[in-house]
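Chain by chain, the residues:
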Amino acid sequence: MDPGRVSHPMSSPSPCSKAETDEEIAFRRATEPWPEDATLYQQLKGEQILLSDNASSLAVQAFLQMCELPIKVVCRANAEYMSPSGKVPFIHVGNQVVSELGPIVQFVKAKGHSLSDGLDEVQKAEMKAYMELVNNMLLTAELYLQWCDEATVGEITHSRYGFPYPWPLNHILAYQKQWEVKRKMKAIGWGNKTLDQVLEDVDQCCQALSQRLGTQPYFFNKQPTELDALVFGHLFTILTTQLTSDELSDKEPGEKRKTTYFVLGSEWLHL
Amino acid sequence: MADKSFVGGIREPRQGLVRVIRRGRSGWGGGRVALERSEVSPKLAPHFGFRLSEAERRGGGHFRGTRGRGGGKMAAPLELRCWGGGWGLPSVHSESLVVLAYAKFSGAPLKVSVIDNTWRGSRGDVPILTSEDNIVSQPAKILNFLRKQKYNADYQLSAKQGADTLAYIALLEEKLLPAVLHTFWIENDNYFTVTKPWFASRIPFPLSLILPGRMSKRALNRILLTKGEPPHYHLKEVEAQIYRDAKECLNLLSNRLGTSQFFFGNTPTTLDAYVFGFVAPLYKVHFPKVQLQEHVKQLSNLCRFCDDILSCYFRISLADG
């Protein structure tokens, strides 16, 4: 497959894309309406799901709630293996299966629902950049804490990850996943980081988000966007998950603005 | 000249003179000599292929002031080890270019030591900044270190702009870096005709047979582990995706830059250094497979941005070659 030949709307260099008219959006919504039985799959909530997966799942749920699309959450022990990309959460809509927040946002947009239509080009670029920042820093830090910090791994992660499986499968799968995550950390240059450096990065990321949020209710205008959903998912999980070391959640309390924001976010999920 | 008589000879070590120890075969590379650093006189040090730090120079005693620097307090000299330049760029390696650009923007006096095919110095994990006792290795850490030494290019930025910088750097690393790595190290035509010969010519034999391959493998690993899907990591599936992401990222950068000279007003900052470091090699290096380069060339403001930085900040090295 020649990468150069793939034509994609974003591959043309013209900076402005025309905003969709209301008729086009209505047309899309009419031809492929959002079904009532759309489901979101994740791992078992109480015993199996880990910090990073919980954050991602919550982000998707928040996003769908913000779009006012009904979704049912189903917990399955093998959700990770059912997913087309190996990552949770994934949604099953009609006869399509889409996983991860990025593709889900695009899928939902193709159905005619979008939260970021009102943004201009520069704001859209900023939104994408901040989403990458959250993925790059917060998500990777969560993964690091779960899988590379020996204390957490021993006490929490191993037992949770292998929960549904009999011995010795639970140990084997947990070790395999840990090896995979460690390999990824090494490839992106996080392999040599100590826990303190990781927490410093998290701190920097939170400062940046706090600066960007300022005193507004949401990141852009008065309406929530997918960035708000993503940040909410991660913040909520970090603040409410009990780990062996409370250092991660200790980074958060100083940010008053983010706490208010997180309260707003909880309303969306009727928590 | 005094030093001629020392080369190849073995002398009793005396303070201020050179003790030359020949180790191993000297079949290639003009003779391999290993030197005791502590015994090298400051005047002769450059001839034997390394620089002394300021402390060592002062400790040499006899030659104090030879170079015209009297006593008095001086900032610790900063030495950067990085890959060399070509095609009009000061460095072909993205990360080295980021550090070089930032140093120019912030006015840090860096001594750049380019990796060449002698055996001195290390070439793993480049760029590396050495300053007295500190050795700092990745671009983010090097920039942090320079800021702590008061070489800060971002002092005019507001807190929100600082946050934007962090976000855009994350965007660059997620979306553009995989495509840059792919263009340089994985695309077969590019790798075998341009990248590998260029790097191999700057690495001494026999390391030149091993190191480029290892760097290529590391690039492939990075792309597959971050973009590929377990359990079977296949390159073909991700190639289309990473080029698409890269084009989108370039469009976003172009939108953000608009018509202004730099990303945040009229003075260059960290973000400009990063964008320059990633985009300039794509723009300038001549590759056989050029689809991403053509996309960059269509975004005229990014091209103008790179050319401006090259002509304003790297004018001296451009004149040389």
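Reading guide: rules and limits
Residues numbered from 1 in each chain as written. Chains lettered and ligands numbered in written order. Predicted model: local features only at pLDDT ≥ 70, side-chain atom pairs only at ≥ 80, totals over all residues. Heavy atoms only, no water. Helix = DSSP H or I, 4+ residues; strand = E, 2+ residues; numbered from the N terminus. Buried < 20%, exposed > 50% of the residue type's maximum accessible area, 1.4 Å probe, protein only. Contact = heavy atoms within 4.5 Å. Areas by Shrake-Rupley, 256 points an atom, 1.4 Å probe, with all protein chains shown as cover. Pairing = 2+ DSSP bridges. Axes fitted to C-alpha atoms, helices over the stretch in contact; angles between N-to-C directions.

A. Summary view of the overall build of chain B. Across its full length, chain B carries eleven helices and six strands. Scored against the burial criterion, the 321 residues of chain B give a buried share of 49%. Of all intrachain contacts in chain B linking residues separated by at least 6 positions in sequence, the fraction that spans at least 24 positions is 66%. Approximately 15,400 Å² of chain B is accessible, and the part contributed by carbon and sulfur atoms is 51%.

B. Expanded view of the sheet that holds strand E1 (residues 39-42) of chain A. All names here are of chain A. Spatially, the four strands line up as an open sheet ordered E2-E1-E3-E4, and their pairing is mixed. Two strands bound the open sheet, and with one partner strand each, they are strand E2 (72-75) and strand E4 (96-99). Taken over all neighbouring pairs, the strand axes of this sheet differ in orientation by 25° on average, direction set aside. As judged from the three bridges shared by E1 and strand E3 (residues 90-93), these two strands associate in the antiparallel manner. Considered in E3, the bridge of Thr 39 is made with His 92. Along the sheet, helix H2 (residues 51-66) contacts E1, E2 and E3; its crossing angle with E1, the most-contacted strand, is approximately 170°. In the packing of helix H4 (residues 101-110) onto the sheet, contacts are made with E3 and E4, and the angle to E4 comes to roughly 135°.

C. Spatial organisation of the sheet that holds strand E5 (residues 128-131) of chain B. All names here are of chain B. Strand order across the open sheet formed by four strands is E4-E3-E5-E6, with mixed pairing between neighbours. Looking at the sheet topology across the chains shown, the edges are occupied by strand E4 (110-114) and strand E6 (134-136). When the angles between neighbouring strand axes are averaged without regard to direction, this sheet yields 20°. Note: strand E3 (residues 78-82) against E4, five bridges, orientation parallel. Considered in E4, the bridge of Leu 80 is made with Val 112.

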